[in-house]
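Here's the letter readout for the chains.
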Amino acid sequence: MADPKPNPWNEAPAPGEKWLPAHVYARDRDWHGYFRSLAHLGPRESLLKALASFEAEGAADRHAVDLGCGDGRDTAELLRRGWRVTAIDGNAEGLERLLRRNDLVHRERLTTRLEGFEGLRLPEVEFVNSSFALPFSQPGEFDRLWAEVVRAIRPRGRFAGQLFGDHDDWAGMPDRTVHSADQVRGLLAGFEIEHWQEEKRESVVDPTAHPKRWHVFHLVARKKG
Ligand SMILES: C[S@@+](CC[C@H](N)C(=O)[O-])C[C@H]1O[C@@H](n2cnc3c(N)ncnc32)[C@H](O)[C@@H]1O
């Protein structure tokens, strides 16, 4: 019987080790810690919403980019739903973990690219998915990267993912890009917004030891035709 776990590591904290909330690893770009602590989780809600919209339109041979795919929790779902996927990440361990997932099907439809966002060029696709990744682009890079995302999405294709808001705790960090709600609407000027959730909350994972104020935009948007 197939192992129901999405990864073969069965990771757990070592004796005496206590995992931190995932946002602490993400704050420090400790992607090893991040992947370990979240390895049990499935696809993001924003991805699932976008896929439901695509499927309501009827499916053809479709190609998605998963930008900042990490260990592939969204990529695995895209493949399972019949997409061709170009999965891109700057972290080699993320891509290794992706390729070793137990829930990876249709491996022949997957292309992985170990590349940073900086200077990245994308193929033209129906869908760019980028979950919790674009705000980590290096300083000064975001606008070029976003323009490339917009260019790469074919008319009536979609973007799904997250951007960080300007009230997030990380707003002052020099290597994080944040936006106001008006700025996010400006970025999506060429799109119809299909899902917009502006999340503002205090972290409840471990608020005493690792408080975090989250300000995140969860987005699905369809490029105008
Ligand atoms: C918070 S994780 C999200 C991973 C995955 N999309 C998910 O939803 O779990 C951010 C990912 O972006 C990647 N990343 C961050 N900055 C990057 C950069 N400048 N270039 C390429 N990848 C980057 C990291 O390696 C990491 O896998």
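These figures come from a predicted structure and were not determined experimentally.

**Overview of the packing of helix 3 (residues 45-57) against helix 4 (residues 73-80)**
Next, step 1: Packing of helix 3 against helix 4 brings their axes to within 10 Å, and their N-to-C directions diverge by 20 degrees. The angle between helix 3 and helix 4 falls in the class roughly parallel. In this structure, the crossing between helix 3 and helix 4 has a hand that is right-handed. Only Asp74, Glu77 and Leu78 of helix 4 make contact with helix 3, whose side of the interface consists of Leu47, Leu48 and Leu51.

**Some words on the nonpolar core**
Next, step 1: Formed by 25 residues in total, the largest nonpolar core has its most connected members in Leu67, Leu122, Val128, Leu134, Trp146, Val149 and Phe159.
Next, step 2: When residues of this core are traced back to their parent elements, those giving at least two are strand 1 (63-67), strand 4 (125-130), helix 6 (142-152), strand 5 (153-165), helix 7 (181-187) and strand 8 (213-223).
Next, step 3: Ranked by residue count, the leading element in this core is helix 6, at 5 residues.
Next, step 4: Aside from chain neighbours lying at most four places away, what touches Leu134 is Leu67, Phe117, Phe142, Leu145, Trp146, Phe159 and Leu163.
Next, step 5: Counting residues in each nonpolar core, the second largest holds 18 residues, with Leu47, Cys69, Phe127 and Ala160 among its members.

**Thoughts on helix 3**
Next, step 1: For helix 3, with 13 residues, the first-to-last C-alpha span of 19 Å sits near the 18 Å given by 1.5 Å per residue.
Next, step 2: Here helix 3 has its buried residues at Ser46, Leu47, Ala50, Leu51 and Phe54. Taken end-on, helix 3 shows its buried residues confined to a sector of 130 degrees, consistent with a single buried face. The outward face of helix 3, more than 90 degrees from its buried face, is lined by the exposed residues Glu45 and Ala56.
Next, step 3: Turning to helix 3, the residues buried within the fold contact helix 4, strand 4, strand 5 and strand 8.
Next, step 4: Just downstream of helix 3 lies Gly58, where phi reads positive at about 90 degrees.

**A closer look at unusual backbone geometry**
Next, step 1: At Phe132, a residue that is not glycine, the phi angle is positive and equals roughly 50 degrees.
Next, step 2: Here Phe132 is to be found in the loop between strand 4 and helix 6.
Next, step 3: With a phi angle near 70 degrees, Arg156 is a residue other than glycine that sits in the positive phi range.
Next, step 4: Structurally, Arg156 is set in strand 5.
Next, step 5: Residue classification places Arg156 among the partly exposed residues on the basis of a relative accessible area of 48%.

**Here's the deal with the pattern of salt bridges**
Pairing between side chains of opposite charge can happen when the charged atoms of each approach one another.
Next, step 1: In this structure the tally under the stated criterion is 24 salt bridges.
Next, step 2: We note a salt bridge from Arg62 to Glu57, for which the minimum N-O separation is 3.9 Å.
Next, step 3: With relative accessibility at 14%, the residue Arg62 sits in the buried group.
Next, step 4: Because the salt bridges share partners, they merge into one network encompassing Glu57, Arg62, Arg158, Glu194 and Arg222.

**Here we look at the site of the ligand**
Next, step 1: As a matter of local geometry, the ligand sits amid 20 residues, with Arg44, Gly68, Asp89, Phe117 and Ser131 nearest to it.
Next, step 2: Here Gly68 contributes a backbone N or O atom positioned 2.7 Å from a nitrogen atom of the ligand.
Next, step 3: At 2.6 Å from an oxygen atom of the ligand is found a side-chain nitrogen or oxygen belonging to Asp89.
Next, step 4: Bound to the protein, the ligand loses 95% of the 590 Å² it would expose on its own.
Next, step 5: In terms of residue count, helix 2 (residues 31-38) provides more of the shell around the ligand than any other element does, 3 residues in total.

**Focus: the packing of aromatic side chains**
Next, step 1: According to the stated counting rule, one finds 14 aromatic pairs in the structure shown.
Next, step 2: Taking 5.1 Å as the distance between ring centres and 80 degrees as the angle between the ring planes, the aromatic pair formed by Trp31 and Phe136 counts as edge-to-face. In this pair, Trp31 is assigned in helix 2 and Phe136 in the loop between strand 4 and helix 6, connecting sequence segments 105 residues apart.
Next, step 3: Among the residues examined, Phe136 registers a relative accessible area of 7% and is labelled buried.
Next, step 4: Centroid distance Trp196 to Phe217: 5.2 Å. Interplanar angle 55 degrees. Geometry classified as tilted. One end of the pair, Trp196, is in strand 7 (residues 191-202); the other, Phe217, is in strand 8, and 21 residues separate them in sequence.

Thresholds applied
Residues numbered from 1 in each chain as written. Predicted model: local features only at pLDDT ≥ 70, side-chain atom pairs only at ≥ 80, totals over all residues. Heavy atoms only, no water. Axes fitted to C-alpha atoms, helices over the stretch in contact; angles between N-to-C directions. Helix = DSSP H or I, 4+ residues; strand = E, 2+ residues; numbered from the N terminus. Parallel < 35°, antiparallel > 145°, perpendicular 65-115°, else oblique. Left-handed = near helix turned anticlockwise from the far one by under 90°. Contact = heavy atoms within 4.5 Å. Core = buried A, V, L, I, M, F, W, Y, C linked by side-chain atoms within 4.5 Å. Buried < 20%, exposed > 50% of the residue type's maximum accessible area, 1.4 Å probe, protein only. Expected span 1.5 Å × (residues − 1). Arc of directions from axis to C-beta. Salt bridge = Lys/Arg side-chain N within 4 Å of Asp/Glu carboxyl O. Near = heavy atom within 4 Å. Polar contact = N/O pair within 3.5 Å; in protein donor to acceptor, adjacent residues only side chain to side chain. Areas by Shrake-Rupley, 256 points an atom, 1.4 Å probe, with all protein chains shown as cover. Phe/Tyr/Trp six-rings, centres within 6.5 Å; stacked < 30°, edge-to-face > 60°.

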